[in-house]
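# Per-entry structural report
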Amino acid sequence: MFCYTCDSDESHRQLTGNEKTWLKNHTGRKTVEEFFMCKAPSCRNVRSGFNKRPFDPVVRVPLPD
């Protein structure tokens, strides 16, 4: 998938349970099942399957503790 933040095609993955919980709390959305995260270590930008830029400013999933 294309990553707007990296400005290139990058591998993406579905969010883990903890990441979904964080995104729900961060955005106030009831469901976040449609989101994927860029796997580039310095990126972690969130996008949905069809929307490259669902949030403005971009939302990056924090690194796990």
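Structure: see above.
Description of the structure in this document. (Residues numbered from 1 in each chain as written. Predicted model: local features only at pLDDT ≥ 70, side-chain atom pairs only at ≥ 80, totals over all residues. Heavy atoms only, no water.)

### What to know about the pairing of strand β4 (residues 35-38)
The alternating pattern of β4 places Phe-35 and Met-37 on one face and Phe-36 and Cys-38 on the opposite face, and all of these are buried. The sheet contact formed by strand β3 (residues 12-14) and β4 spans three bridges and is antiparallel. Considered in β4, the bridge of Gln-14 is made with Phe-36. (Buried < 20%, exposed > 50% of the residue type's maximum accessible area, 1.4 Å probe, protein only. Helix = DSSP H or I, 4+ residues; strand = E, 2+ residues; numbered from the N terminus. Pairing = 2+ DSSP bridges.)

### What about the side chain of Arg-44?
With respect to the secondary-structure elements, Arg-44 resides in the loop between β4 and β5 (46-48). Within the local environment of Arg-44, its side chain forms a polar contact with the backbone oxygen of Pro-62, the two atoms lying 3.1 Å apart. Among residues more than four places away in sequence, those in contact with Arg-44 are Arg-13, Glu-19, Met-37, Cys-38, Val-59, Arg-60, Val-61, Pro-62, Leu-63 and Pro-64. (Polar contact = N/O pair within 3.5 Å; in protein donor to acceptor, adjacent residues only side chain to side chain. Contact = heavy atoms within 4.5 Å.)

### Looking at unusual backbone geometry
Going from Asp-56 to Pro-57, the amide bond is cis rather than trans, its omega being 5 degrees. Mapped onto the secondary structure, Pro-57 falls in the segment after β5. Of note in this structure, Asp-7 is not a glycine but carries a positive phi near 60 degrees. Locating Asp-7 in the fold gives a position in the loop between β1 (2-3) and β2 (8-9).

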